[in-house]
Structure formats: C-alpha cells, structure tokens
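Letter by letter, the chains look like this.
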Amino acid sequence: MLQTLSALFRKDNSEFQVHVATTVHCTMMASIAPRSCDTFVVLPNLTKEKRIIFGKNSDRPQNEVQEVIFFGGKRLASKLKCTFITIDESIADINSVILSKPAWLWGAEMGVNDKNVTIGNEAVWTNNNEGDGDASHKRLLGMDLVRLGLERGNTAEDALNVITTLLEKYGQGGPCSEFDDSLFYHNSFLIVDCKQAWVLETSGKLWAAEKIETGYRNISNCLSITTKIDKHSEGLKEKALTMGLWDGQSEFNFTKCFSSGGDEIRYHEGEKLLRNTTIKAEFKVEDMFNILRHKESHICRSCDDAFPTQASQVSSLSAEGINIHWFTATPDPSLSFFKPFVFAPNTSTSSFTHSPNMPGREHDLYSLHKKIVLKANTEEIEKNIQDLETEWLKKVVDLTKPGQESMETLGNIFKDSVKAEVELYESLS
C-alpha cells in the first residue's frame, strides 16, 4: 500500500535542495513513493480545431535535469543497450524521435516520433511484487519502454504492441533515480496518435489496455482501467484468479484486482480540469498549457517540491496539416516557456537543451532558467514568459497557415525559440 511521505524543504541562494524524511516505507514497492506526474489527452470532438491534444508533466526527483534531444532514424545493430539491460534489436530502421528525458538514463519520460505517435508514462504501485513483478530487479524501465515504443511504433496501437511485447519478454524494473536505489515502480502509459489514444496499465509482466476514441482521458499515479479492457496480456484473468485477486464470479476489474494504492485524489483533480475545460468543445493548446500549470491540484509542482515538475510537453496532432509539439526543458511550467518543435527535413534542436555528461548534468537553458527563477520576482518572470509564449503561439499560427508553410523555417523553430528564451533570461540577469 502506498504510504505517507513526509518532506522538509529548504531553498538557499545557490541551488534547490530538499531533505526528505520518510515516515514509513511502502511495504510493496519503494521507500519513497513520489506523488507526481500526470498525462492528458483530449480528442477532436472536444477541441476547437478538431485535433488531438496531448499533454504531460514529468515530476521527478529534486535537481534531476531533463534534456530535450532529437534522435534521427538510423540502421541499428543486433543488440541495443538500454538503461540497465541489453535487448535484441528487431528492426532495420527506427523512427526519428524528440524526447524529454532525464539526462542520466537511456529512456524518456515523454516524447513523439515522426509518425506523430506520442507517449507519456506514470509510476503506479500494484500488489504483484514477487518474481516477474518485483520492480527492484534491473530490467527495462518504464521510460525505456516509452522510447522503444516511439522508435519502433508507427501508430498508437503499434507502439502499444511494441511495449507489451517487450514487457512480456524482458519485464520491467530497476531504480528510477540516479541516486536513490529505493525508487522503483510499475508503469502506466498514455499512447496517442492522430486518430486515437490508448491507456496501457501494467503490473509486472501483466497488463491491460483501454482504447479511447472520443472525449478525454487522463492518467496519474494510480491504476485507472476498470472493466473496459480492449486488449490484455494472455491469461490475465486466470492469473488474477490464481493469485487470489479475483473471485472468478464478479465482473473483472483490473484496478480492483491489482492496485495497491496511489494518488487517486490528483487523478480525479486532473479529470475535473479536463471536464471543466472541454464543456464548450473548444479546447485548445493553451488550455492544455494551463492545466499543466495548475498549482492548486498539485498537477504543477514548484521547484522546491520534493518531486518538482522537471519538464512538460504538449502535442497538437492531426492527420491533416502540420503537427506541433511544445516542450519546456525546464522545471515548473508556470514559470517556463513552451517552445514549439516540428518534424521537417532539416529538423534541428538546440545545444542549450542537451545535457553535458558531467556531475549535475545541467544544460545551459536549465542553468539560466534556475538562475532567473531564484533571482527574479515570480510575477515578473511569469509575465515575461507569458508574453514570449504568446508571441511564439502567434508565429506558429502564421507559419502553419495553408499555403504559407515554410518547412525550412519550421524545422528550425525549436532552435529559434530556445534562442529567444536565452535572450530573455540574459536581459533579466
């Protein structure tokens, strides 16, 4: 069962610090259980431009830097080294991907590929924690599975099949923090393309998936698939029966069978935000930005939180037209600039969001952002960020008008927007 976490926070003039005191250990999974991360999707019937809009906050340990980095598709060797283990490589070419990832590991918290598949994952805790379900063993991280799904999957369902096949073959597990070996968990995923979305929830090598074709959906740090199960691991019900988690008579409910607790309060807060912002069926990218910036629900977590929001992503997807993906690469989206990215023949990112392989791993944009957030008046930096973001939202609209598209310009839009953010920080120094 997920237990109570007690944390004491301190912020000095040079860096964010946190002192965490755990009052009790989670008896099944990890000694420190982060109540963090939320992922959202709104389908075309509720959006203003009839597009799919995806959003995710990545809440991670204090001072863990998250980089935004592009990997072009290439021919691979027969073996692939992930964060902890080496697996078989089964394809000749991979999709190009842009990832928002903790700089110390191979996998990613979230990202999108050039086939317009986007994936985010969440930590979940289940009561299946022995043998294949023991997440303390080094196997594939949920973040490895995010990247593998993006590299190998050409549709949302295709990526789902990639992830579940690898999950069943290799299992999931291993420390999910560079410096805390006690932080480990099972995973859930929201997998989206231009036409549909899938929720995938796991317990060890067992899994269930729910197809989402209309409305909205969110996931958080708790299991949420109940009786609507559109795909599942082979023999799931029989295994639940054998484990004593299901009586074999009542309607099969994945969450009731496998959940050992989680942050259901924040999950319901996220659902409420989606419900309230989609009433008029005019949901737009800016609304997703605002949900990810929502502090009262704890969906947005400040830099001095035990598990701050280290980075955020929003994607606007359509089978027609140009798809835009927005990344912060910096903590606390309420004080961060969502920068646009477009896949194009000349796609480029920015060295300012690439982490160096050295202690701290702070990329230049992270360091500049931290300096300004520590120094500047919060209201001042928030206004400056909002003004810059409004300017670039308008630029994106202008650059993607039918007949006005310039793929050369769009391919550099992330690099150019990072440059604009750097110039803003330098002007405020």
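Anything mentioned here points back to the structure above.
Bear in mind the structure is a predicted one, so any value in this text is a computation, not a measurement.

Each value, and the rule that gives it
- Residues numbered from 1 in each chain as written.
- Predicted model: local features only at pLDDT ≥ 70, side-chain atom pairs only at ≥ 80, totals over all residues.
- Heavy atoms only, no water.
- Helix = DSSP H or I, 4+ residues; strand = E, 2+ residues; numbered from the N terminus.
- Polar contact = N/O pair within 3.5 Å; in protein donor to acceptor, adjacent residues only side chain to side chain.
- Contact = heavy atoms within 4.5 Å.
- Expected span 1.5 Å × (residues − 1).
- Buried < 20%, exposed > 50% of the residue type's maximum accessible area, 1.4 Å probe, protein only.
- Core = buried A, V, L, I, M, F, W, Y, C linked by side-chain atoms within 4.5 Å.
- Salt bridge = Lys/Arg side-chain N within 4 Å of Asp/Glu carboxyl O.
- Axes fitted to C-alpha atoms, helices over the stretch in contact; angles between N-to-C directions.
- Left-handed = near helix turned anticlockwise from the far one by under 90°.
- Nonpolar A, V, L, I, M, F, W, Y, C, P; charged D, E, K, R; others polar.
- Phe/Tyr/Trp six-rings, centres within 6.5 Å; stacked < 30°, edge-to-face > 60°.
- Lys NZ or Arg CZ within 6 Å of the ring centre and 35° of its normal.
- Pairing = 2+ DSSP bridges.

**Some words on the side chain of Thr47**
Here's step 1: Along the polypeptide, Thr47 turns up in the loop between β3 (38–42) and β4 (52–59).
Here's step 2: Of the polar contacts made by the side chain of Thr47, one reaches the backbone nitrogen of Lys50; its length is 3.2 Å.
Here's step 3: Residue contacts for Thr47: discarding those within four places in its chain leaves Val42, Ile53, Ala281, Glu282 and Phe283.

**Some points on the environment of Asp364**
Here's step 1: Its place among the elements puts Asp364 in helix α7 (residues 364–375).
Here's step 2: Note: C-alpha distance between Asp364 and Val422 (58 residues apart in sequence) is 8.9 Å.

**Things to note about α7**
Here's step 1: Counted at 1.5 Å a residue, the expected span for α7 with its 12 residues is 16 Å, and the 17 Å between its end C-alpha atoms agrees.
Here's step 2: Turning to α7, its buried residues are Leu365, Tyr366, Leu368, His369, Lys370, Ile372 and Val373.

**Focus on unusual backbone geometry**
Here's step 1: One non-glycine residue with positive phi stands out, namely His298, at about 70°.
Here's step 2: Assignment of secondary structure puts His298 in the loop between α6 (285–292) and β16 (309–317).
Here's step 3: With phi around 65°, Ala329 is a residue other than glycine that occupies positive phi space.
Here's step 4: Its relative accessible area of 0% is what places Ala329 among the buried residues.

**What about the nonpolar core?**
Here's step 1: Counting residues in hydrophobic clusters, the biggest one holds 47 residues, and the most contacted among them are Val314 and Trp326.
Here's step 2: Mapped by element, the contributors of at least two residues to this core are β3, α5 (264–277), α6, β17 (324–327), α7, α8 (378–399) and α10 (413–428).
Here's step 3: The dominant element in this core, judged by the number of residues it contributes, is α10, at eight residues.
Here's step 4: Among all residues touching Trp326, those that are not within four sequence positions of it are Val285, Phe289, Ser312, Gln313, Val314, Phe338, Lys339, Pro340, Trp392, Leu393 and Val396.
Here's step 5: Formed by 29 residues, the second largest nonpolar core is a distinct cluster that contains Val97, Trp106, Leu145 and Phe189.

**Some thoughts on the pattern of salt bridges**
Two side chains bearing opposite charge may form a pair once their charged atoms approach each other closely.
Here's step 1: Within the structure shown, the criterion is met by 29 salt bridges.
Here's step 2: Here Glu67 ties to Lys101 by a salt bridge, and the two come within 3.0 Å at their closest N and O atoms. Here Lys101 lies in strand β8 (residues 97–102) and Glu67 lies in strand β5 (residues 66–71), a separation of 34 residues in the sequence.
Here's step 3: Glu67 sits in the buried class, given a relative accessible area of 6%.
Here's step 4: The exposure class of Lys101 is buried, given its relative accessible area of 5%.

**Some words on the packing of α7 against α10**
Here's step 1: Their axes nearest at 10 Å, the elements α7 and α10 cross at an angle of 40°. Crossing of α7 over α10 shows left-handed handedness. Contact residues: α7 offers Leu365, Leu368, His369, Ile372 and Lys375, while α10 offers Glu421, Val422, Tyr425 and Leu428.
Here's step 2: Its residues placed into classes, the contact of α7 with α10 shows six nonpolar, one polar and two charged.

**A closer look at the packing of aromatic side chains**
Here's step 1: By the definition in use, this model includes nine aromatic pairs.
Here's step 2: Geometrically, the ring pair formed by Phe70 and Phe341 is tilted, given 6.3 Å between the ring centres and 40° between the ring planes. Placement of Phe70 in strand β5 and of Phe341 in strand β18 (residues 339–341) is noted, with a sequence separation of 271 residues between them.
Here's step 3: Given the relative accessible area of 25%, Phe70 is considered partly exposed.
Here's step 4: Considering the side-chain rings of Phe341 and Phe343, the 4.9 Å spacing of their centres and the 90° angle between planes classify their relative orientation as edge-to-face. By the burial criterion, Phe341 is buried, and Phe343 matches it.
Here's step 5: Cluster of aromatic residues (ring-pair linked, three or more members): Phe70, Phe341, Phe343 and Phe414.
Here's step 6: For Arg147, the ring lying beneath its charged end belongs to Trp106, and the centroid distance is 4.2 Å.
Here's step 7: Lys395 extends its terminal NZ or CZ atom over the ring of Trp392, reaching a point 4.0 Å from the ring centre.

**Thoughts on the sheet that holds strand β13 (residues 206–212)**
Here's step 1: Spatially, the eight strands line up as an open sheet ordered β5-β8-β9-β10-β11-β12-β13-β15, and their pairing is antiparallel. In the strand order of this sheet, the two ends are held by β5 and β15 (231–232), each with one partner.

**Some remarks on the sheet that holds β18**
Here's step 1: Here we have six strands laid out as an open sheet, ordered β14-β3-β4-β16-β17-β18, and antiparallel in their pairing. Of all strands in the sheet, those with a lone pairing partner are β14 (216–219) and β18, marking the two edges. Each neighbouring strand pair of the sheet contributes to a mean axis angle of 15°, computed without reference to strand direction.
Here's step 2: Here β4 pairs with β16 via eight bridges, running antiparallel.

**Here we look at the pairing of strand β11 (residues 186–192)**
Here's step 1: The buried count for β11 comes to seven of seven residues, which makes it a mostly enclosed element.
Here's step 2: Covered by surrounding structure in β11 are His186, Ser188, Leu190 and Val192 together with Asn187, Phe189 and Ile191, the residues of both alternating faces.
Here's step 3: Bridge analysis of strand β10 (residues 118–124) against β11 gives seven bridges, and the strand direction is antiparallel. When the bridges of β11 are listed, Thr118 appears paired with Val192.
Here's step 4: Both β11 and strand β12 (residues 197–203) contribute to a ladder of five bridges, which runs antiparallel. Note on β12: the bridge partner recorded for Ile191 is Trp198.
Here's step 5: Joining the antiparallel neighbours β11 and β12 is a turn of four residues.

Worth remembering: the numbers are spatial, not functional.
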